[in-house]
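Per-entry structural report
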Amino acid sequence: MPKQVEDKKRILLRIKKMKGQMQAIENALEGDMPCASILQQICAIRGAMNGLMTELLEIHLKDTLVSGDSTESERNEELIEVSRILKSYLK
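All figures in this text were calculated on a predicted structure; none of them were measured in a lab. Every chain's residues receive numbers from 1 upward, in the order its sequence appears when written. Local features in this predicted model are restricted to residues of pLDDT 70 or higher, and side-chain atom pairs are both shown and tallied only at a pLDDT of 80 or more, whereas totals for entire chains, interfaces and linings draw on every residue. For side-chain calculations, the full set of non-hydrogen atoms in the structure is used, while hydrogens and water are omitted.

**Remarks on a nonpolar patch on the surface**
Patch membership needs two things, relative accessible area over 30% and no salt bridge, and members are linked within 9 Å if like-charged or within 5 Å if nonpolar (Val, Leu, Ile, Met, Phe, Trp, Tyr). Areas reported here follow the Shrake-Rupley algorithm with a probe of radius 1.4 Å; residue values treat only the protein chains shown as occluding. Salt-bridge detection follows one rule: a side-chain nitrogen of Lys or Arg within 4 Å of a carboxyl oxygen of Asp or Glu. A grouping of Met49, Tyr89 and Leu90 is seen on the molecular surface, where their side chains present a nonpolar patch of about 300 Å² in accessible area. Helical segments are the DSSP runs of H or I of at least four residues, strand segments are the runs of E of at least two, and each set is numbered from the N terminus. As for its placement among the helices and strands, Leu90 is situated in the segment after helix 3 (72-89).

**Some remarks on helix 1 (residues 5-30)**
For an α-helix, 3.6 residues make a turn, and residues three or four places apart therefore share a direction. The span one expects for a helix is its residue count, reduced by one, times 1.5 Å. Taking 1.5 Å of rise per residue, the 26 residues of helix 1 would be expected to cover 38 Å, and the 38 Å separating its terminal C-alpha atoms lies within 8% of that figure. The classification of residues rests on relative accessible area computed with a 1.4 Å probe and restricted to protein chains. Under 20% of the type maximum is buried, over 50% is exposed, and intermediate values are partly exposed. When helix 1 is considered as a whole, its buried residues turn out to be Asp7, Ile11, Met18, Ile25 and Ala28. We call two residues contacting when some pair of their heavy atoms lies within 4.5 Å. Where helix 1 is buried, its residues contact helix 2 (35-66). One or two positions beyond helix 1, positive phi appears at Asp32, with a value near 55°.

**Topic: the side chain of Asp7**
With respect to the helices, strands and loops of the structure, Asp7 is situated in helix 1. Among the residues examined, Asp7 registers a relative accessible area of 4% and is labelled buried. Apart from the residues lying within four places of it in its own chain, the contact partners of Asp7 are Pro2, Ile59 and Lys62.

**Points about the packing of helix 1 against helix 2**
When two helices pack together, their arrangement is given by the angle between the helix axes and the distance between those axes. Lines fitted to the C-alpha atoms define the axes, with helices restricted to the stretch that makes contact. Angles between their N-to-C directions range from 0 to 180 degrees. At a closest axis distance of 10 Å, the pairing of helix 1 and helix 2 adopts a crossing angle of 165°. Classified by the interaxial angle, the pair formed by helix 1 and helix 2 is roughly antiparallel. Pair helix 1 / helix 2 crosses with left-handed handedness. Looking at the contact of helix 1 with helix 2 residue by residue, the classes come out as 17 nonpolar, three polar and five charged. Under this scheme an angle from 65 to 115 degrees is roughly perpendicular, one under 35 degrees roughly parallel, and one over 145 degrees roughly antiparallel; angles in between are oblique. Two helices crossing with the near one rotated counterclockwise from the far one by less than a right angle form a left-handed crossing, whereas a clockwise rotation gives a right-handed crossing. Each residue gets one of three labels, nonpolar for Ala, Val, Leu, Ile, Met, Phe, Trp, Tyr, Cys and Pro, charged for Asp, Glu, Lys and Arg, and polar for the others, Gly among them.

**Quick look at the pattern of salt bridges**
Counted according to the given criterion, the structure contains five salt bridges. Measuring nitrogen to oxygen at the nearest pair gives 2.9 Å for the salt bridge that ties Asp7 to Arg10. Taken as a pair, Asp7 and Arg10 lie in helix 1 at a separation of three residues, close to a single helical turn. Residue Asp7 pairs with Lys62 through a salt bridge whose shortest N-O separation is 2.9 Å. A residue pair is termed long-range when its members are at least 10 positions apart, and Asp7 in helix 1 and Lys62 in helix 2 qualify at 55 residues. Here the salt bridges share partners, and the residues they tie into one network are Asp7, Arg10, Arg14, Glu55 and Lys62.

**Digging into the state of the cysteines**
Disulfides are defined as cysteine sulfur pairs within 2.5 Å. On inspection of all chains with the given rule, the structure shows zero disulfides. Note on Cys35: no disulfide assigned, nearest cysteine sulfur contributed by Cys43 at a separation of 13 Å.

**Points about helix 2**
End to end, helix 2 covers 45 Å across 32 residues, agreeing with the expected 46 Å (1.5 Å per residue, within 8%). Contacts made by the buried residues of helix 2 are with helix 1 and helix 3.

Structure below.
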């Protein structure tokens, strides 16, 4: 979790926006909206998810690898973990 209050607020705001986008898709499906509109909303959510991943990764790296009070060994372990997560995300 982000250590800085403003980082946490920014991430939570992104999540709330994504919830709204998901609700819009549900409403569109229930309202028999055209597939093209629904697909466009899905693209928007995918972009939002990628933005969330990027921002949270940046915050995490800043908090743990750059400004964190960790040893070199702990930073190496964290780098391995982040690499594993990125490989999984990019599949």
